[in-house]
Amino acid sequence: MTDQNANSYPLLAVPHIQLHGTVDEVMYANFKDQLAAAPGDGPIVVSITTLGGDPEMARAMGDSIRLLRDYTGREALFLGKVAVYSAGATFMSAFPVDKRFLTRNSRIMIHERLMNSTIQLSGPLNTLAPVLKAKLNEIEDSIRIQEEGFADLVRGSKVSLEELKKRAPDNWYIEAAEARDLGLVLDII
């Protein structure tokens, strides 16, 4: 079956943009360079293999794909290879489910955003409440951003936002076949 799938999607054999490693500023710069060097018309294929990284860099790359699609009408296809973890899943959410593919034996991992922070309270009492309010605002906004990304990830699939929010705190690992069955990706090659 897999060979037949590969024959059904010949464009996926040689992605225009190939990303691997940590999602960070270096990957974003590499992504922008490869995007600029890609053919100016026709579908564009983006592949990624990542254990995760900076979700904001993933969102920025995803925005570039969305803008390309919205302003040029070009089709953009996503190909996850081996590991599409954390920020990789955030990037994947920028592609509609019918434009997402995984290679066989790949896995997606979805989890909640993480925060490590220490709050230092020192000074007059009237200056302490704003410090705490600022941190609370940061947390609340991060939750809103997370939920926007989760909604994009499951839009058009069989997975409800509630199900994803329930599974994400425990690091939800999804094998390629299950991702296809859940409608999170169109197919496996």
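Since we're looking at a predicted model, the values are computed, not measured.

(A) The arrangement of the overall build of the protein in detail. Across its full length, the protein holds seven helices and seven strands. From first element to last, N terminus to C terminus, the protein shows the α and β order α-β-α-β-α-β-α-β-β-α-α-β-α-β. When the 189 residues of the protein are sorted by exposure, 39% land in the buried category. In the protein, once contacts between residues fewer than 6 apart in sequence are set aside, the share between residues at least 24 apart is 72%. On the protein, roughly 10400 Å² of surface is accessible, and the fraction owed to carbon and sulfur atoms is 52%. Each charge sign in the protein was given a centre, from 20 positive and 25 negative side chains, and these centres are 1 Å apart.

(B) Molecular detail of the packing of aromatic side chains. Scanning the model with the defined rule gives six aromatic pairs in all. Between Y85 and Y173 the ring centres are 5.5 Å apart and the planes differ by 90°, which places this aromatic pair in the edge-to-face class. A residue pair is termed long-range when its members are at least 10 positions apart, and Y85 in strand β3 (residues 76-85) and Y173 in strand β6 (residues 172-175) qualify at 88 residues. Ring geometry for F91 against F95: centres 5.4 Å apart, planes inclined by 90°, an arrangement best described as edge-to-face. Comparing F91 with F95, the two get one shared label, buried. Taken together through their ring pairs, the aromatic side chains of F31, F78, F91 and F95 make up a single cluster.

What counts and how
- Along each chain, residues carry numbers from 1 onward, in the same order as the chain's sequence is written.
- Residue-level local features of this predicted model are given only where pLDDT is at least 70; pairs of side-chain atoms are given and counted only at 80 or more, and the full residue set underlies all totals for whole chains, interfaces and linings.
- The basis for every side-chain value is the complete set of non-hydrogen atoms in the structure, without hydrogens or water.
- Comment: elements are numbered from the N terminus, with helices defined as DSSP H or I runs of at least four residues and strands as E runs of at least two.
- When a residue's accessible area, from a 1.4 Å probe over protein chains only, is under 20% of the maximum for its type it is buried; when over 50% it is exposed; and in between it is partly exposed.
- By the convention used here, residues are in contact when the closest approach between their heavy atoms is within 4.5 Å.
- Here the accessible surface of atoms and residues is derived via Shrake-Rupley with a 1.4 Å probe, and residues count as covered only by protein chains that are part of the display.
- Here the positive residues are Lys and Arg and the negative ones are Asp and Glu; neither His nor the chain ends is included.
- Where a charge lies is defined by one atom per residue type, namely NZ (Lys), CZ (Arg), CG (Asp) and CD (Glu).
- Only Phe, Tyr and Trp rings are paired, with Trp represented by its six-membered ring, and only when their centres lie within 6.5 Å; those with planes under 30 degrees apart are stacked, over 60 edge-to-face, the remainder tilted.

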